[in-house]
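Each chain is listed here by its residues.
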Amino acid sequence: MRKKIMIQQVEKRNEQLWLLAEEPPFSLDNAAPKRYMLVDSDLLSFIYIMEAGDEFIYVVIPQPVWPEVKQALHQPLSVFLQCGAAKMELSGFQEELAYLVENIEGNANYGEEMEKAVKDVFLT
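Residues numbered from 1 in each chain as written. Predicted model: local features only at pLDDT ≥ 70, side-chain atom pairs only at ≥ 80, totals over all residues. Heavy atoms only, no water.

### Focus: the nonpolar core
For step 1, the next point in the chain: Judged by nonpolar contacts, the single largest core of 39 residues is most densely connected at L19, F46, M50, I61, L81 and F93.
For step 2, the next point in the chain: Apart from the residues lying within four places of it in its own chain, the contact partners of L19 are I7, Q9, V10, I61, V69, V79, F80, L81, Q82, L90 and F93. (Core = buried A, V, L, I, M, F, W, Y, C linked by side-chain atoms within 4.5 Å. Buried < 20%, exposed > 50% of the residue type's maximum accessible area, 1.4 Å probe, protein only. Contact = heavy atoms within 4.5 Å.)

Below you can see the structure in the form of structure tokens.
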């Protein structure tokens, strides 16, 4: 079973962008950022990948929080994850997000709905 953390809220705190989620039913003690993101076109989400031993943890960033996440593309903000008491920096987040947004623009491989959603939020 894939381990997922669903981002529910985003907050800007000074020069940091915080992705907030409820505490997951699994430990984040050995979790480390992978510096890699994927796209889930079916769920209209970006997914930041973390590793914990030989498992992956997917940090799911759904469309409703994209307007706040967009700040990371236009300001020099460090991006952090907070799940309950666990906190960690998501290194490479800005670069990965910028790459995906640029790659999705005009690319039918991601599906018409995903392309439109990204354009509406990130490219306006």
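### Regarding the packing of aromatic side chains
For step 1, the next point in the chain: According to the stated counting rule, one finds 5 aromatic pairs in the structure shown.
For step 2, the next point in the chain: Each ring, one from W66 and one from F122, has its centre 5.6 Å from the other, and the planes form 50 degrees; the classification is tilted. On the criterion of sequence distance, the pair formed by W66 in helix α1 (residues 66–69) and F122 in helix α4 (residues 112–122) is long-range, its members being 56 residues apart.
For step 3, the next point in the chain: Overall, the relative accessible area of 4% leaves F122 in the buried class.
For step 4, the next point in the chain: What links up through ring pairs into an aromatic cluster is the set F46, W66 and F122. (Phe/Tyr/Trp six-rings, centres within 6.5 Å; stacked < 30°, edge-to-face > 60°. Helix = DSSP H or I, 4+ residues; strand = E, 2+ residues; numbered from the N terminus.)

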